[in-house]
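# Topology and contacts: notes
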Amino acid sequence: MTAKTRIGILGIGGVGGYFGGMLAHKYFNSYSFEIIFIARNESEKIIKKNGLKIISSEGEKIVFPDEVTSDPSTVGPLDFLICCIKSYDLEPALISMKNSIGPSTIILPLLNGVDAGDRIQAIYKEAEVWQGCVYIVSQLESPAVVKINGKIHSLYFGSDSAKAEKLKYWLKIFSDARIEAFISENIELTTWEKFIFISPFASLTTYLDISIREIFNNNDYKETLIKLLNELYQIADARKIPFPENIIELTLTKMEKIPEGSISSMHRDFRKGSKTEIASLTEYIIRLGRQYRVATPTYTRVFNGLLANITNKKSTDFLSPSNPI
């Protein structure tokens, strides 16, 4: 009997809950695939008893994986690992999966930011690390309950080294599970297109603690947003990322179409007083600026303000219409 292809989903939050849930819905008790959720302890208990609930515009569905655990050491070898954790948890979470990851394991990070692949490869030098990003508005309403807002839930993935046949094989696995998946011919560009969207959006809305709609309604705030976009564009240009010349205009148009009331996961974590992805979404740009000798005064000021706000210190340099960046 041929061994099953074992797919692990690390992190059952808004992203991992949706994409992992779709895989579990399709392949539960399959002869060919085994879907394993690596979740937090509370979620593990709920999923084992009641399943994972996915709420979307199409209704509700309850799904069960073939296995769910909060103890990574029990998972065993994996053929494919989808990482859907927050960027600040990446290293400890991946190290805890050492018994599951070997030279033949494919690792696909679906994290905010563009540095995950390098960080994973530094830990597992022999593993096959792909790149990926998602467009989805989702959140964990409560343990094992994922809510999807809107109808956009797309997954893009790719690799500069993997053979086309292997990429197409996994595309079929995703597509058969009704996941809107796409192979990117230039995955670095694709991830940076997402990054130039999410980094300024998450950084500025979290700093100001307001919605993107409120930023567009205030000329000073919008000017600050454009400055952030320009700084990131200059760094991308220094890295030879082949953005279209109108990428800033395209990104602003995307931001204006964000559904009313939607906030980034970084902003949501900030409001809850939890850890945030400030290192990957804000500070990383400043570090790249130093590396490529590109000035980042706007990102630096937002970053310093975020640090002050996150550490519960009253920032005297908080943005206001009379004090724009």
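It should be emphasised that the depicted structure is a prediction, and the values quoted were computed from it without experimental measurement. Every chain's residues receive numbers from 1 upward, in the order its sequence appears when written. Restriction of local features to residues with pLDDT of at least 70 applies here, the model being predicted, together with a cutoff of 80 or more for giving and counting side-chain atom pairs; totals for whole chains, interfaces and linings are based on all residues. Each side-chain value is worked out from all heavy atoms of the structure, with water and hydrogens disregarded.

### What to know about the layout of surface pockets
- A pocket here means an open set of points on a 1 Å grid, computed over the protein atoms alone, that has protein on both sides within 12 Å along at least five of seven lines. A cavity is instead a set of points where a 1.4 Å probe fits but cannot get out; residues with an atom within 4 Å of a point line either one. Grid points are joined across faces, edges and corners, and a volume is the space filled by probe spheres set on the points. Quantified by volume, the second largest pocket comes out at close to 360 Å³.
- V114, G117, D118, W130 and Q131 are the residues nearest the centre of the second largest pocket, which is lined by 21 residues in total.
- Each helix is a run of DSSP H or I of at least 4 residues and each strand a run of E of at least 2, with the numbering of both proceeding from the N terminus. Elements supplying a minimum of two residues to the lining of the second largest pocket: α4 (116-123), β9 (131-142) and α6 (187-208).
- Element by element, the count of residues in the lining of the second largest pocket is highest for α4, at four residues.
- Counted by class, the lining of the second largest pocket contains seven nonpolar, nine polar and five charged residues. Any residue that is not Ala, Val, Leu, Ile, Met, Phe, Trp, Tyr, Cys, Pro, Asp, Glu, Lys or Arg is counted as polar, Gly included; the first ten are nonpolar and the last four charged.

### Focus: the pattern of salt bridges
- For this document, the term salt bridge refers to a Lys or Arg side-chain nitrogen within 4 Å of an Asp or Glu carboxyl oxygen. Scanning the entire structure with this criterion turns up 13 salt bridges.
- Between R6 and E67 there is a salt bridge, with its nearest N and O atoms 3.7 Å apart. Of this pair, R6 sits in strand β1 (residues 5-10) while E67 sits in strand β5 (residues 67-69), and the two are 61 residues apart along the sequence.
- Across the salt bridge formed by K86 and D269, the nearest N and O atoms sit 2.6 Å from each other. In this pair, K86 is assigned in the loop between β6 (80-83) and α3 (90-95) and D269 in helix α10 (residues 265-272), connecting sequence segments 183 residues apart.

### Some words on unusual backbone geometry
- The phi dihedral of N29 falls on the positive side, at around 60°, and the residue is not glycine.
- Here N29 shows up in the loop between α1 (14-27) and β2 (33-38).
- Positive phi, normally seen in glycine, also occurs at D209, with a value near 55°.
- Secondary-structure assignment places D209 in the loop between α6 and α7 (212-216).
- Using a relative accessible area of 35% as the deciding quantity, one classes D209 as partly exposed. Only protein chains enter the accessibility calculation, which uses a 1.4 Å probe; a residue whose area is less than 20% of its type maximum is buried, one above 50% is exposed, and one in between is partly exposed.

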